[in-house]
Structure formats: C-alpha cells, structure tokens
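# An overview of the molecular structure
Listed below, chain by chain, are the residues.
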Amino acid sequence: FIINPVTGGDKIAPEVVEGCNELFKSQGSDAKIIVGYGSSETGGPVITTVNDDEYYDTRSTGVLFPGCKYMFLNPETNEIIPNGTEGELCIHDPAMMDRYLDDEEATLAITVYDEEGNKYYKMGDLFRVNEKIVTNIVKTIFIFRLNLFL
C-alpha cells in the first residue's frame, strides 16, 4: 500500500499528479502525491504540499515549512515586492548555507537581506502566492548552479 508518495527535484505537471492520485484512489488508497521544493543551499526542502483538503492543490508547490520565511523580489531590480505579486522567491531558512566556499561573488549574487537584516537565498524561480499562502511556480529563471558551500 502506498501511503506518502513524494516527488521533488523538478516541476511536475498537475495532470501527472492528478493521474497518480486517481490511480491510488482506484486501488483503495487515500494517498496523494506530495510535492517538495527546496535546494541544497536552503538545507533541503522548504515548501511541500500537504495531504489536507484545505491546503491540497495539484497546481501548487505547497506551504512553507515552520521556521522558514519568504519574500519576493522584482527579478530585474532586486527590489522587495508585496506578497500576491509575481516575483522571484527568496527563502530564509535556519538551516540554509552560510556562503559559497571561496566565491564571494557567487554568494553576493544569490543572497539578499530584508529590512531586519535576515539573509535570504534567491531560489531562481518566479512564484505567486494565493490567499492560503500556497506557492505556485510560474517560471524558472535559471536552471543550474554548481558551487561548494559552507
């Protein structure tokens, strides 16, 4: 019996999630695909869908993990923009990296600070947030980074 199927690492089409969920249900399982989102730099997943009727949405990336914070940037100006606006997702996570090893330029390129001085990691994806603070990926700005970090 499948209980908690989880996917991550790249976007998954809502149609695929819905198809899998229908297959599980046809076999007598209440399981639903759980989508995880994060990066090595943030210490792993920071957003996930939850198998809860109030928050579950096959078009969604999910809800933010406890202890994490998010904000959005205008990707062209790097200015903080209001929630509900499409922008580059930035994550503050207690487990996130300190810096890239011997690469201050790369570190500066992917970090930003809020008004309180908290460091955020620029995720490289454009998102929107709906009224339930459920994030939806819109577009990937960049695909791949390779750096060592501390």
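Structure: above.
Remember, it's a predicted structure, so these values are computed and weren't measured experimentally.

## Concerning the pairing of strand 5 (residues 69–73)
- The buried count for strand 5 comes to 4 of 5 residues, which makes it a mostly enclosed element.
- Of the pairings in the sheet, the one linking strand 5 to strand 7 (residues 87–92) comprises 5 bridges and is antiparallel in character. Note that in strand 7 the partner of Leu 73 across the bridge is Glu 88.
- Sheet analysis places strand 5 next to strand 6 (residues 80–81), joined by 2 bridges and oriented antiparallel. Looking at strand 6, one finds that Phe 72 is bridged to Ile 81.

## With respect to the pairing of strand 3 (residues 44–48)
- Counting buried positions along strand 3 yields 4 of 5 residues, so the element is predominantly enclosed.
- Direction of pairing for strand 2 (residues 34–39) relative to strand 3: antiparallel, over a ladder of 4 bridges. Considered in strand 3, the bridge of Gly 38 is made with Pro 45.
- The turn linking strand 2 back onto strand 3 is made up of 4 residues, and Gly 43 within it adopts a positive phi angle of 85 degrees.
- Bridge count for strand 3 against strand 4 (residues 63–64) is 2 bridges, and the pairing is antiparallel. Looking at strand 4, one finds that Ile 47 is bridged to Leu 64.

About the thresholds
- Residues numbered from 1 in each chain as written.
- Predicted model: local features only at pLDDT ≥ 70, side-chain atom pairs only at ≥ 80, totals over all residues.
- Heavy atoms only, no water.
- Buried < 20%, exposed > 50% of the residue type's maximum accessible area, 1.4 Å probe, protein only.
- Helix = DSSP H or I, 4+ residues; strand = E, 2+ residues; numbered from the N terminus.
- Pairing = 2+ DSSP bridges.

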